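# An overview of the molecular structure
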Amino acid sequence: MKLLVAALEAELVAFPEDLPGFDRLVTGPGKLQATYALTRALDAASYEEIVVVGTAGAIDTLLSADVYEIDAAIQHDVTDIDGIVGQHVSLPPRVELGREGVTIATGDHFVDDVEAVAVIRPLGAGLVDMEAYAYAWVAEQFGVPIRVIKAVSDRAQDDAITDWRATVTACSAQLREFIRDEYGV
């Protein structure tokens, strides 16, 4: 059995409630809710794979409004004791997912302005979200393989939340098609 994970129900509107071979988990937004919900799910059952689907803002101008596999996750909203952005005091700076793809920067706020993007982009990510790092870190702690699939919903600036609200349903349909193509369900 696999575990299909999303932060919000809105990201799963194109998915049937029951997807053969998958349990379903909606964690809520942000790193803490993602960590808590996924940890509880992995404590309660064994899964052969975690498949995360969701939306992301594109901070790399070369990325189009498409679906991307995530290769690694970093945190953009932490600093270590030396003030280095992207470095946590005790967590790894980068969690590798073992796949070809795009690096995502996770933080506990919705990125929607040019100044924030300018700080995040040098960290080496092409996308931003609010949960991927937490999911990847928890999966690593449990030794469960994880895939993170993200659909670009916005450009992470200029009132991006309005763009997200307008595109989340279309993004869910793109993600549903990806899962159908990859898993045959």
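Only a predicted model underlies this, so the values are computations on that prediction, with no experimental measurement involved. (Residues numbered from 1 in each chain as written. Predicted model: local features only at pLDDT ≥ 70, side-chain atom pairs only at ≥ 80, totals over all residues. Heavy atoms only, no water.)

Another aspect to go through is the overall build of the protein chain. Looking only at helices and strands, one finds four helices and eight strands in the protein chain. Its C-alpha atoms give the protein chain a radius of gyration of 15 Å, within 12% of the compact-globule value 16 Å for 185 residues. Long-range pairs, those at least 24 residues apart, make up 72% of the contacts in the protein chain between residues at least 6 apart in sequence. Here the protein chain has roughly 8500 Å² of accessible surface; of this, 52% comes from carbon and sulfur atoms. In the protein chain, 13 side chains carry a positive charge and 31 a negative one; their mean positions are 4 Å apart. (Helix = DSSP H or I, 4+ residues; strand = E, 2+ residues; numbered from the N terminus. Rg over C-alpha atoms; globule rule 2.2 N^0.38 Å. Contact = heavy atoms within 4.5 Å. Areas by Shrake-Rupley, 256 points an atom, 1.4 Å probe, with all protein chains shown as cover. Lys, Arg positive; Asp, Glu negative; His and termini not counted. Charge placed at Lys NZ, Arg CZ, Asp CG, Glu CD.)

The geometry of helix 1 (residues 31-44) relative to helix 3 (residues 132-142) is characterised by a closest axis approach of 9 Å and an angle of 30° between their N-to-C directions. For the element pair helix 1 / helix 3, the angle class is roughly parallel. Of the two possible hands of crossing, helix 1 and helix 3 adopt the one that is right-handed. Contacts between helix 1 and helix 3 involve Lys31, Ala34, Thr35, Leu38, Thr39, Leu42 and Asp43 from the first element and Ala134, Tyr135, Val138 and Phe142 from the second. In the contact of helix 1 with helix 3, the residues fall into seven nonpolar, two polar and two charged. (Axes fitted to C-alpha atoms, helices over the stretch in contact; angles between N-to-C directions. Parallel < 35°, antiparallel > 145°, perpendicular 65-115°, else oblique. Left-handed = near helix turned anticlockwise from the far one by under 90°. Nonpolar A, V, L, I, M, F, W, Y, C, P; charged D, E, K, R; others polar.)

Turning our eyes to something else, we now look at the layout of surface pockets. Empty space among the atoms becomes apparent when a probe as large as a water molecule is rolled across them. There is about 240 Å³ of room inside the largest pocket. Lining the largest pocket we find 19 residues, and of these Thr55, Phe110, Asp129, Met130 and Trp164 sit closest to its centre. When residues of the lining of the largest pocket are traced back to their parent elements, those giving at least two are strand 3 (49-58), strand 7 (127-129), strand 8 (146-154) and helix 4 (160-183). When grouped by side-chain class, the residues that make up the lining of the largest pocket number ten nonpolar, four polar and five charged. (1 Å grid on protein atoms, 1.4 Å probe; cavity = no way out; pocket = protein on both sides within 12 Å on 5 of 7 lines; lining within 4 Å. Points joined across faces, edges and corners; volume = space filled by probe spheres on them.)

As enumerated under the stated definition, the model contains nine salt bridges in all. When salt bridges that share partners are traced, they join Glu49, Glu69, Arg99, Arg147 and Glu182 into one network. (Salt bridge = Lys/Arg side-chain N within 4 Å of Asp/Glu carboxyl O.)

The next subject is the pairing of strand 6 (residues 102-106). The element strand 6 is extensively covered by neighbouring structure, given that five of its five residues are classed as buried. As judged from the five bridges shared by strand 4 (residues 67-75) and strand 6, these two strands associate in the parallel manner. Counted as the bridge partner of Ala73 is Ile104 from strand 6. By the bridge criterion, three bridges tie strand 6 to strand 7 in an arrangement that is parallel. Following the sheet pairing, Thr106 is matched in strand 7 by Asp129. With respect to chirality, the unit in which strand 6 leads through helix 2 (residues 114-120) into the neighbouring parallel strand 7 is right-handed. (Buried < 20%, exposed > 50% of the residue type's maximum accessible area, 1.4 Å probe, protein only. Pairing = 2+ DSSP bridges. Right-handed = clockwise from strand over helix to strand, strands pointing away.)

Here His88 lies in the loop between strand 4 and strand 5 (94-96). Setting aside anything within four residues of it in sequence, one finds His88 in contact with Gln75, Val78 and Asp80. A polar contact of 2.9 Å, which involves the side chain of His88, links it to the backbone nitrogen of Ser90. A distance of 3.2 Å separates a polar side-chain atom of His88 from the backbone nitrogen of Leu91. (Polar contact = N/O pair within 3.5 Å; in protein donor to acceptor, adjacent residues only side chain to side chain.)

By size, the foremost hydrophobic cluster in this structure holds 34 residues, and its most contacted members are Val5, Leu38, Ile50, Leu127, Tyr135 and Ile146. Of all elements in the fold, only strand 1 (2-6), helix 1, strand 3, strand 4, strand 6, helix 3 and strand 8 reach the threshold of two or more residues within this core. For this core, the element with the most residues is helix 3, which contributes seven residues. When neighbours within four sequence positions are excluded, Ile50 is seen to be in contact with Leu3, Val5, Leu38, Leu42, Ala139, Val144, Pro145, Ile146 and Arg147. Listed in part, the 15 residues of the second largest apolar core include Leu12, Leu19, Val53 and Cys171. (Core = buried A, V, L, I, M, F, W, Y, C linked by side-chain atoms within 4.5 Å.)

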